[in-house]
Amino acid sequence: FSLFLYTLHIVMHLRSLPTMRNMGKLIENEEVSKVARIILVLQMLMCIVVGMMIEYMGGAMSKLSSLGSSIGFESSHQKKSNMSVQMLHAFDQPSVSKRNIIEEIVPDSLKPQCDLEFLQFNVTKSMLKKSRPVIGNSQRLHIFLKKLHSKQCTSVLFMGGSVTAGHNSRGRLNASFPKFFMDWLNERYPCENADRTRGSHLTKRTQQNNAQTHFVSWSQISQIETLDLVIMEFNVNDSFIDKMPHAMEDKGPEGSTKDYISVWYNEILLRRLLLLRKPDPVAIITFNADYIGRTWAPKPYSDPDKDRKTTFRNNQEPLKFWLSSMYEIPMISASTWMLPFAGKKGTNWQFNRNNSYSTSLFHADKCCHPKRGGHLILSLVLAYCLLEEEKNMFSSSNDVILDIEQDFSAAVDPILRDPMYLSEDEERMYVRHDSVSQLLDFTDPSGHEKWKNQVCENDGWNWFADNREKDKFGLIADGVSGGQHISLQITGGKLGLVEITYVISYENFGLALVWVDDNRDGGATRSHCGNRLTKKSCKNFHRGVQCLVGTWKEPASVPTVTILQNRIEDETTKFLHICLTPISELRKGEENKFKLLGTRVY
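Residues numbered from 1 in each chain as written. Predicted model: local features only at pLDDT ≥ 70, side-chain atom pairs only at ≥ 80, totals over all residues. Heavy atoms only, no water.

K.L.:
Could you give an account of the state of the cysteines, with specific residues and numbers?
P.N.:
With the rule as written, the count across this model stands at four disulfides. Each sulfur in the disulfide pair Cys-153 and Cys-191 lies 2.1 Å from the other. The sign of the S-S torsion, about 90°, decides the handedness of the disulfide formed by Cys-153 and Cys-191: right-handed. With Cys-153 in the loop between helix 7 (139–149) and strand 1 (155–160) and Cys-191 in the loop between helix 8 (177–188) and strand 2 (202–205), this pair connects stretches of sequence that are 38 residues apart. For Cys-153, a relative accessible area of 25% corresponds to the partly exposed category. The class of Cys-191 is buried, set by a relative accessible area of 2%. What pairs with Cys-538 in a disulfide is Cys-547, and their sulfur atoms sit 2.1 Å apart. You can call Cys-538 buried: its relative accessible area is 15%. In this structure Cys-547 comes out as buried when scored by relative accessible area, which is 18%. Once the disulfide-bonded cysteines of the protein chain are ranked by sequence position, their pairing pattern turns out to be 1-2, 3-4, 5-8, 6-7. (Disulfide = S-S within 2.5 Å. Helix = DSSP H or I, 4+ residues; strand = E, 2+ residues; numbered from the N terminus. Buried < 20%, exposed > 50% of the residue type's maximum accessible area, 1.4 Å probe, protein only.)

Structure below.
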């Protein structure tokens, strides 16, 4: 009977809503007489009173059932009935508001611009609790939090790829999680300048987009004057690194896998960051913001037969988890719970737009780029974890901390664990910087003055940003006939290595030739620049000339690195030549261009 009453209550409640709305419209109608209005108001009141009476009777019956249970007269049928009532209670509760947890995190001044009603799904505290899979050592984070509480203005560096840059979010950098997070940081923890005026926490960025290119262009980080927090987001882009030319030993069969290549470059970055002082030890967070959606999709967007034979389906999160654990780096992740939520009812449901947690709804494209609402969720994840760490810092002030729990890497004389993937030579070379390198970085928007005098000859290469947002710079040659040539003066380093960084893409990119000689203009070798290349001819060039292939089948545009076969003697001056070849059968699209990102000699 109690179950019947609650069912009747639900029906009355649902039926009364449209009825009351219609009555409200009639009451506002001026053509309705006063007597009719009074009758309508009385009918509305009756709906409410009847609903309350039914609810009261249902509550009374529930109490009687509880009383019967307490004195031992509850039958198995009554138990089932009570369970049903409890289930109805649960379903009768209003849906969790998207604003519940958000009200606790987002300052009032930011709520109008956050568009919280456009979030893809309800964000609950239980979801956010899952966002810190590796607690790590929080000593550096506590240094950062204490600066915030002392109203000190800080600098936060975001190291990431196109997800960090807000690609396809309909607002780019202004609709990205770094922008939303920094807005939150400035409102939650206002800071002061030296003269006590209102200051601002500063956002720092690089022009690189994966662990390998950050390794190559480390000077973009080391040249930052002050730095307090680094957020590393490489979960997507590191899966596109397919070679490791910087290894100084044979890594065996594992060394050619993408997983090994990823952890090798990431370990170098982590060790460099742990030793960095700007001027204090820098707080580090590994942030897994997103995942590659299409690797989970059914055909024709993906190849399930191929994908299920990979270890992690191009998802770098388990590798980041492993490294972060071993180096005690705090790890924050949104994908650790969003990806399981999206696919827990099957692949087809994961890409069904009726599924609130659908990958298709979260991403703006077939790859991995969140929409604006997704970036809001990512910023909430970061903010929540920082607030929780703040609570821990204040609540654990009297906890006993053993010596082994200290962060030895943050000491005046830092101690790092032994490398897991680096040889002794690689540690000395790439972490301790035993060798001086000469870097020409063409991605730096303000770096033209640093390398322009190294250009000896230039026939058809231009330095500009070729993307829509005008922030991805490089030296670019473009033309179906090829032949564009550039000559750069370089000086050999201790190891004699010459490194070339360039872009590979799935369409409109071509092939280039590269060589080193004593001729400023390239000599006789330059005649090859007018020849159309094939796969076979790329492999059969005479010693000293290499083919750089700027095209591949993967639907993405990413940097790649090649180290030249020939070495240069220490302190010897040579000329590095690069030329675009005519449009080739190896490329896709109507255009034929090549984008040079940088060179390094060491």
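Anyway, onward from the coordinates.
K.L.:
Account for the side chain of Asp-238, naming residues and giving values.
P.N.:
In this fold, Asp-238 is placed in the loop between strand 3 (229–233) and helix 11 (258–275). If we ignore the near neighbours within four places in the chain, the residues touching Asp-238 are Asn-210, Ala-211, Ser-262, Asn-266, Gln-316 and Lys-320. (Contact = heavy atoms within 4.5 Å.)

K.L.:
Describe the sheet that holds strand 7 (residues 455–459), naming the residues involved and giving the relevant values.
P.N.:
Read from one edge to the other, the open sheet built from five strands follows the order 7-10-15-12-13, with strand pairing classed as antiparallel. Where the open sheet ends on each side, the last strands, each with one partner, are strand 7 and strand 13 (545–549). For this sheet the average axis-to-axis angle between neighbouring strands, irrespective of direction, equals 20°. Of the strand pairs in this sheet, strand 12 (residues 511–517) and strand 15 (residues 573–580) are connected by six bridges, and their pairing is antiparallel. For Val-516, the partnering residue across the bridge sits in strand 15 and is Leu-576. (Pairing = 2+ DSSP bridges. Axes fitted to C-alpha atoms, helices over the stretch in contact; angles between N-to-C directions.)

Without other data, these values stay purely geometric and don't point to any function.
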